[in-house]
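Structural overview for review
For reference, the chains in residue letters:
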Amino acid sequence: MKKKKVQHSKAYHVANVKSKKWNYIALGGTLLLLLLLAIAWHYRAGIKYYVGTWGIGRGVASKEAKYDIRNVEIMSSHSDKIFGIDISQYQGDINWNEVNTINDQFPIDFVFIRATMGERNVDERFEDNWDAIAKRANLRGAYHYFRPNENSVKQAKNFIKAVRLEPGDLPPVLDIEEMPKHQPMDSLKVGLKRWLDEVESHYKVRPILYSGDKYFTDFLQREFSDYVLWIANYNFWVEDLKDHWDFWQFSEKGTVRGIKGNVDLNIFNGNIEELERLSIPFKN
């Protein structure tokens, strides 16, 4: 009699363990489903765009889909701001007649074009792109890619020689991304300031400073925070501009009709009137 009770007790224990196991599995599955639904709802605008591209000849390759979904979601959630792109020779031959929107939805209001690099190099497609933008309604700007191990004043003169800014153009941009190899960071900062002062003296407008979020925070924030800032941060989980970002380059994998391959995408932290006020003024 006691033996039967023991057997019954073991069977009950096994059944109870199995029941709890399935309860945990069911709970985990429910939580996972709720998480997936929450993510789908959060990125609903991007997912709607991506699904809408199926079967109409402009679908995005699966490996790029997550970038388009994020890009559309970010632009949808910042509809009170304006968007732009930046380009260089790496975008190749651009069909400017088709360059109007990002992901066929969001108007392009401004374009930054790489002009020069270092002491003597000029972007191979700068003149063509610069002239093409002049025929459009977009605001345009030119930027210089700074090379830390080359003379800063010569770099400024290289930019000045290549770029003729006109009233209505955006201020010149200094792009600093590289770490110095043969000088301390303090010497680099002196060089950056010399470039900025030289260019400001020539164009009579204060330049814009471009850098990566971490680079700027770690090395430049103390000395250069009073400049108009254009900050790059592609972190998938960053979804809004920080207070000190005037421009946010939020993606390097944008989709624009008329441009083959990826292109950088940017948000200006304001409206079109505020961006126009930042531009080089017209003479009275």
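On to the pattern of salt bridges. Within the structure shown, the criterion is met by 16 salt bridges. Notably, a salt bridge pairs Lys-157 with Glu-198, separated by 3.2 Å at the nearest N-O pair. In this pair, Lys-157 is assigned in helix H5 (residues 152-162) and Glu-198 in helix H6 (residues 185-203), connecting sequence segments 41 residues apart. What makes Glu-198 partly exposed here is its relative accessible area of 27%. One salt bridge connects Arg-206 with Glu-200, and the closest N-O pair in it is separated by 3.7 Å. With relative accessibility at 25%, the residue Glu-200 sits in the partly exposed group. Connected through salt bridges with shared partners, the residues Asp-93, Arg-125 and Asp-128 form a single ionic network.

Another aspect to go through is the nonpolar core. In terms of nonpolar packing, the biggest core is built from 55 residues, with Ile-85, Ile-87, Ile-102, Val-163 and Leu-209 touching the most fellow members. Element by element, the count of residues in this core is highest for H6, at seven residues. Excluding residues that lie within four positions of it along the chain, Val-163 makes contacts with Ala-115, Phe-126, Trp-130, Ala-142 and Tyr-203.

The element strand S9 (residues 247-254) is largely enclosed, with a buried count of six among its eight residues. Looking at chain direction, strand S8 (residues 228-232) and S9 are connected through three bridges and run parallel. Residue pairing for S9: Trp-230 is matched across the bridge by Phe-247.

Conventions and cut-offs
Residues numbered from 1 in each chain as written. Predicted model: local features only at pLDDT ≥ 70, side-chain atom pairs only at ≥ 80, totals over all residues. Heavy atoms only, no water. Salt bridge = Lys/Arg side-chain N within 4 Å of Asp/Glu carboxyl O. Helix = DSSP H or I, 4+ residues; strand = E, 2+ residues; numbered from the N terminus. Buried < 20%, exposed > 50% of the residue type's maximum accessible area, 1.4 Å probe, protein only. Core = buried A, V, L, I, M, F, W, Y, C linked by side-chain atoms within 4.5 Å. Contact = heavy atoms within 4.5 Å. Pairing = 2+ DSSP bridges.

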